[in-house]
Amino acid sequence: MANTVDWLRKLLHSEAGPARTGRLDGCHAAAVAALHHQGGFARGWEPGECAALIADAAVISDGVFRASAREPSGFVLSRKAADEAEILSVVVASSHRREGLGRALLAAHLARLAGEGVAHVFLEVEEGNGPAERLYRHFGFREVGRRKGYYPKPDGTRATAIAMRLDLA
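Note that the coordinates shown come from a computational prediction; the quantities given were computed from them, not determined experimentally. (Residues numbered from 1 in each chain as written. Predicted model: local features only at pLDDT ≥ 70, side-chain atom pairs only at ≥ 80, totals over all residues. Heavy atoms only, no water.)

1. Here's the deal with the layout of surface pockets
Applied cut-off: With a 1 Å grid laid over protein atoms only, a set of points is called a cavity when a 1.4 Å probe fits there but cannot get out and a pocket when it is open yet has protein on both sides within 12 Å along at least five of seven lines; lining residues have an atom within 4 Å of a point. Grid points are joined across faces, edges and corners, and a volume is the space filled by probe spheres set on the points. Under the DSSP-based scheme used, a helix requires at least four consecutive residues in state H or I and a strand at least two consecutive residues in state E, with every element numbered from the N terminus. Side-chain classes are defined by residue name, with Ala, Val, Leu, Ile, Met, Phe, Trp, Tyr, Cys and Pro counting as nonpolar, Asp, Glu, Lys and Arg as charged, and the others, Gly among them, as polar.
In this structure, the largest pocket occupies an estimated 1300 Å³ of space. Forming the boundary of the largest pocket are 36 residues, of which F41, V90, N129, A132 and Y136 lie nearest the centre. Secondary structure elements with two or more residues in the lining of the largest pocket: strand 4 (84-92), helix 4 (101-115), strand 5 (120-126), helix 5 (130-138) and strand 6 (142-152). No other element matches the 7 residues that strand 4 contributes to the lining of the largest pocket. Its residues assigned to classes, the lining of the largest pocket shows 18 nonpolar, 9 polar and 9 charged.

Below, the structure written as structure tokens:
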């Protein structure tokens, strides 16, 4: 049955197929901005902000691409300083969530960070974002603190941020 479902999914979705990961560049800024707006943030990033981040020598950016697509279906951006990095944002297109793209993307990104000499990776995730928390814990991130009222919500309330850390070395 699973093979039939996979075959049918590929037939119905022309972009279905194995995903690949790769570095982002300035031509991806608009797509990254559009994806960021799907991330549920109180304020999404604009294409100019994304272009500046991608061009920043301290920022490491990766995307996940479906089949032969030129635009990413997800992205991750991290800022590196010495042997540490902070993940700034991870977003997978809402239409492609629960397909394993986040895992593939984060695995490739963490491997790239490790290859660039990063020993410790930090991030913050909104409390209650179960899928993101599970993804990060899958890779070994552990909670190291909390910031109450850190994240502004679209409805005007504020949510707690869970600070997490992963030691790569």
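2. Considering the pattern of salt bridges
What counts, and what does not: Every case where a carboxyl oxygen of Asp or Glu lies within 4 Å of a side-chain nitrogen of Lys or Arg is listed as a salt bridge. Exposed residues in this analysis have more than 50% of their type's maximum accessible area, buried residues have under 20%, and partly exposed residues fall in between, with area computed by a 1.4 Å probe over protein chains only.
Scanning the entire structure with this criterion turns up 12 salt bridges. Of the charged contacts in the structure, one is a salt bridge between R146 and E143, with a shortest N-O distance of 2.7 Å. Note that R165 and D167 form a salt bridge whose closest N and O atoms lie 2.7 Å from each other. The exposure class of R165 is partly exposed, given its relative accessible area of 22%. For D167, a relative accessible area of 33% gives the class partly exposed. Beyond isolated ion pairs, a larger network of salt bridges with shared partners links E127, E133, R137, E143 and R146.

3. Overview of the packing of aromatic side chains
This is how it is decided: Any pair of Phe, Tyr and Trp rings, taking the six-membered ring for Trp, is counted once the centres come within 6.5 Å. Such a pair is stacked with planes under 30 degrees apart, edge-to-face with planes over 60 apart, and tilted for the rest. Here, over-ring charges are defined by two tests on the NZ atom of lysine or the CZ atom of arginine: distance to the ring centre within 6 Å, and angle to the ring normal within 35 degrees.
By the definition in use, this model includes 3 aromatic pairs. Ring geometry for Y136 versus F141: centroids 5.8 Å apart, planes at 65°, classification edge-to-face. Note on Y136: relative accessible area 7%, which makes it buried. Residue F141 is classed as buried on the basis of its relative accessible area of 3%. Relative to Y151, the ring of Y150 lies with its centre 5.2 Å away and its plane at 75°, an arrangement referred to as edge-to-face. It is R147 that lies over the ring of Y150; its NZ or CZ is 4.9 Å from the centre.

4. Topic: the environment of G102
For clarity, the threshold we go by: What makes two residues a contact is simply this: any of their non-hydrogen atoms within 4.5 Å.
Inspection of the secondary structure assignment puts G102 in helix 4. Once the C-alpha coordinates of G102 and V90 are considered, the two residues, 12 residues apart in sequence, prove to be 8.1 Å apart. In contact with G102, not counting residues within four places along its chain, are V92 and L135.

5. Some points on the pairing of strand 2 (residues 59-66)
What counts here: Each pair of strands is called paired provided DSSP finds at least two bridges between the two strands.
Among the 8 residues in strand 2, 8 count as buried, and that is most of the element. Taking every second residue as pointing to the same face, both faces of strand 2 are buried, with V59, S61, G63 and F65 on one and I60, D62, V64 and R66 on the other. Bridging between strand 1 (residues 19-23) and strand 2 involves 5 bridges; their strand directions are antiparallel. From the neighbouring strand, R20 faces strand 2, where its bridge partner is F65. As judged from the 6 bridges shared by strand 2 and strand 3 (residues 74-81), these two strands associate in the antiparallel manner. Of the residues in strand 3, the one forming a bridge with D62 is V76.

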